Amino acid sequence: MRNKMKAMVIYEPGSPEKFVLEERAIPSVKEGWTLVKIKGFGINHSEIFTRKGLSPTVQFPRILGIECVGQVVETTRRDLQEGQKIVSIMGEMGRAYDGSYAEYVLLPNEQIYPVDSQLSWAELAAIPETYYTAFGSFKNMQIKEGDSILVRAATSGVGLAFLKLVKAQFPQNRVVGSVRSLAKKDLLQQQGFDEIILDERGVLQTEEKFDKILELVGPATLKNSFDHIQSAGIICNTGQLGGKWYVEEFDPIVEIRNNSYLTNFYSGNVHQQLIDELFSYIDAYKINVSPQRIFSLEQIPAAHSYIESQAGFGKVVVLNN
């Protein structure tokens, strides 16, 4: 095996142009860790926040990347074998230690999740963080036949993944998406949304109430979501795409309207059982998990720019040769 790898490194926060493509030594395996050859990974909004310097615990220089799919190269974990197909998500990858924006990554053994799948690397790369987050939210929302559902931040990768998960099992359920601009209305309806409504400065431009709401904008719009929840409905606060981390002056007795329920899903709580369940669900319902766009390692700055642009839509992945 060669001893050098390509990696996209960032030395200081800023624009996508701050990324530097470098040749680095492939990490050496140490006790309790596994070396993985990275086949692909998704680009996530949290990595964009970190690149901008909005993750105070992350120190630069750093190789970003909070997820990957790939194969075991060398391991200290007895139940893993060389060449085994794995996924990895979260666990401080790309934050406390170097992450997946590279050809190889050294990961803690407990953060390796074997998968048995015939999907292509491009399809696999679209799954880990995005579909795991969407699936966990889907389960926590206890969706049943006939539920009307709202997805806030419908153009996001998680929003579109969630739509596919819902429509696969409940094709007749009405799923509405909210967006800040109607420019992508037709594109979203082609994906399967029944209707698209405008989110104008955090206020939904509709009187409709829903049985279930997936809140991906987060604390910035959560209070407004409670204006649109049916009695005994469930709001799942999963994302923070609004760039706000907390809800100020939140009185649960007053704010949680209509005897509704507030839950959440945090993708940092990773379990092999839920990953296995997710892959079984995708397989059982033949869900198309293909990404919207594919970039190379060298094109990571362009991938970040695309996601942040008006054109940005759906899941973006990077594939290594």
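Thresholds applied
Residues numbered from 1 in each chain as written. Predicted model: local features only at pLDDT ≥ 70, side-chain atom pairs only at ≥ 80, totals over all residues. Heavy atoms only, no water. Helix = DSSP H or I, 4+ residues; strand = E, 2+ residues; numbered from the N terminus. Expected span 1.5 Å × (residues − 1). Buried < 20%, exposed > 50% of the residue type's maximum accessible area, 1.4 Å probe, protein only. Contact = heavy atoms within 4.5 Å. Phe/Tyr/Trp six-rings, centres within 6.5 Å; stacked < 30°, edge-to-face > 60°.

Before going further, it helps to spend a moment on helix α4 (residues 157-169). If you check α4, its first and last C-alpha atoms are 19 Å apart, about what 13 residues at 1.5 Å a residue would give, namely 18 Å. Among the 13 residues of α4, 11 are classified as buried, and the element is accordingly described as predominantly covered. Here α4 has its buried residues at Gly-157, Val-158, Gly-159, Leu-160, Ala-161, Phe-162, Leu-163, Lys-164, Leu-165, Val-166 and Lys-167. Contact partners of the buried residues in α4: α3 (128-140), β8 (149-152), β9 (175-179), α5 (185-191), β12 (210-215) and α8 (272-284).

Moving on, we come to unusual backbone geometry. Of note, the amide linkage connecting Phe-60 to Pro-61 takes the cis form, showing an omega dihedral of 0 degrees. Note on placement: Pro-61 falls in the loop between α1 (45-51) and β4 (67-75). At Gln-142, a position not held by glycine, the phi torsion is positive, near 50 degrees. Relative to the helices and strands, Gln-142 is located in the loop between α3 and β8. Residue classification places Gln-142 among the exposed positions, given a relative accessible area of 56%.

What follows covers the packing of aromatic side chains. The full count for this structure, using the stated rule, is 10 aromatic pairs. Where Phe-19 meets Tyr-101, the ring centres are 5.9 Å apart and the plane angle is 50 degrees; that geometry is what we call tilted. A residue pair is termed long-range when its members are at least 10 positions apart, and Phe-19 in strand β2 (residues 19-25) and Tyr-101 in the loop between β5 (85-89) and β6 (104-108) qualify at 82 residues. Each member of the pair Phe-19 and Tyr-101 is classed as buried. Seen from their ring centres, Phe-295 and Tyr-306 are 6.2 Å apart, and the 45 degrees between their planes marks the pair as tilted. Of the two residues, Phe-295 sits in strand β15 (residues 293-295) while Tyr-306 sits in helix α9 (residues 300-308), which places them 11 residues apart along the sequence. An identical accessibility class is assigned to Phe-295 and Tyr-306; each is buried. Connected via pairs of aromatic rings, a cluster forms that spans Phe-135, Phe-138, Tyr-281 and Tyr-285.

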